Amino acid sequence: MFMRIDHIGIACRDLEEKIELFSSLFELEVVAREVNEEQGVKEAMLHVADGEGGGSYIQLLEPLSEDSPVGKFIAKRGEGVHHVAFGVPDVEGAMATIGGKGVRLLDERPRHGSMGSRIAFLHPKDVGGMLTELVEAAKQQ
Ligand code: MC0
């Protein structure tokens, strides 16, 4: 079911500065930018590779406010890896399967994620301290 890593989310204070860093260090290209008010972030997706079922990305996240999830994370832990996102073919199915194993779901139903995806988060305390996101990528037209 967990067929690939869709993206790694990195919390940063200054999105433009970290876009410059990641694109110059690793020669990655920004393929999407978005403000997601519901999640409290301004973000950019940097393309890493294509694979079966979809691409993989580095996701750079700047908080829109100090009391957003990423704002609180930076205040407590500083900048760095915020979450790991697994690409799944069916997010509701994945939520039901993993919820059935006793992992707390942070979302009752999928929310809107980057590039038209549908996403849901799992509690980090139930996944070895790793905030985990399930991502169903947008269907290719
Ligand atoms: C908090 N904790 C983490 C963590 N954030 N552990 C690992 N990774 C993280 N990112 C730990 C804290 O250190 C604490 O542990 C415990 O979890 C509870 O944290 P808290 O600070 O007391 O509680 P809150 O209120 O900050 O909530 C944490 C929680 C929340 C993970 C539940 O941030 C959340 O619901 N996140 C899901 C939504 C999200 O992160 N959205 C932003 C990315 P101790 O040991 O100190 O008790 S949006 C996104 O990425 C979208 C756009 C996309 O991909 O498309």
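We now turn to the structure provided with this report.

Conventions used here
- Residues numbered from 1 in each chain as written.
- Predicted model: local features only at pLDDT ≥ 70, side-chain atom pairs only at ≥ 80, totals over all residues.
- Heavy atoms only, no water.
- Helix = DSSP H or I, 4+ residues; strand = E, 2+ residues; numbered from the N terminus.
- Buried < 20%, exposed > 50% of the residue type's maximum accessible area, 1.4 Å probe, protein only.
- Salt bridge = Lys/Arg side-chain N within 4 Å of Asp/Glu carboxyl O.
- Arc of directions from axis to C-beta.
- Contact = heavy atoms within 4.5 Å.

Side note on unusual backbone geometry
Here Glu27, not a glycine, exhibits a phi torsion of approximately 55°, which is positive. Here Glu27 lies in the loop between α1 (15–26) and β2 (29–36). A positive phi angle is found at Met115, which is not glycine, with a value near 55°. Here Met115 lies in the loop between β6 (111–112) and β7 (118–122). Overall, the relative accessible area of 31% leaves Met115 in the partly exposed class.

Thoughts on the pattern of salt bridges
On inspection of all chains with the given rule, the structure shows 13 salt bridges. For Arg118, the salt bridge goes to Glu92, with nearest N and O atoms at 2.6 Å. In this pair, Arg118 sits in strand β7 while Glu92 sits in helix α3 (residues 91–99), placing the two residues 26 residues apart along the sequence. Two residues, Lys139 and Glu136, come together in a salt bridge whose shortest N-O distance is 3.4 Å. Residue classification places Lys139 among the exposed residues on the basis of a relative accessible area of 59%. In this structure Glu136 comes out as buried when scored by relative accessible area, which is 11%. Connected through shared salt-bridge partners, Arg13, Glu17, Lys18 and Glu79 make up one network.

As for α3
For an α-helix, the turn length of 3.6 residues means that residues three or four places apart are oriented alike. Looking at α3, one finds that the buried residues are Val91, Ala94, Met95 and Ile98. Projection of α3 onto a plane perpendicular to its axis shows the buried side chains occupying an angular sector of 100°, all on one side. Buried residues along α3 sit in contact with β7 and β8 (132–136).

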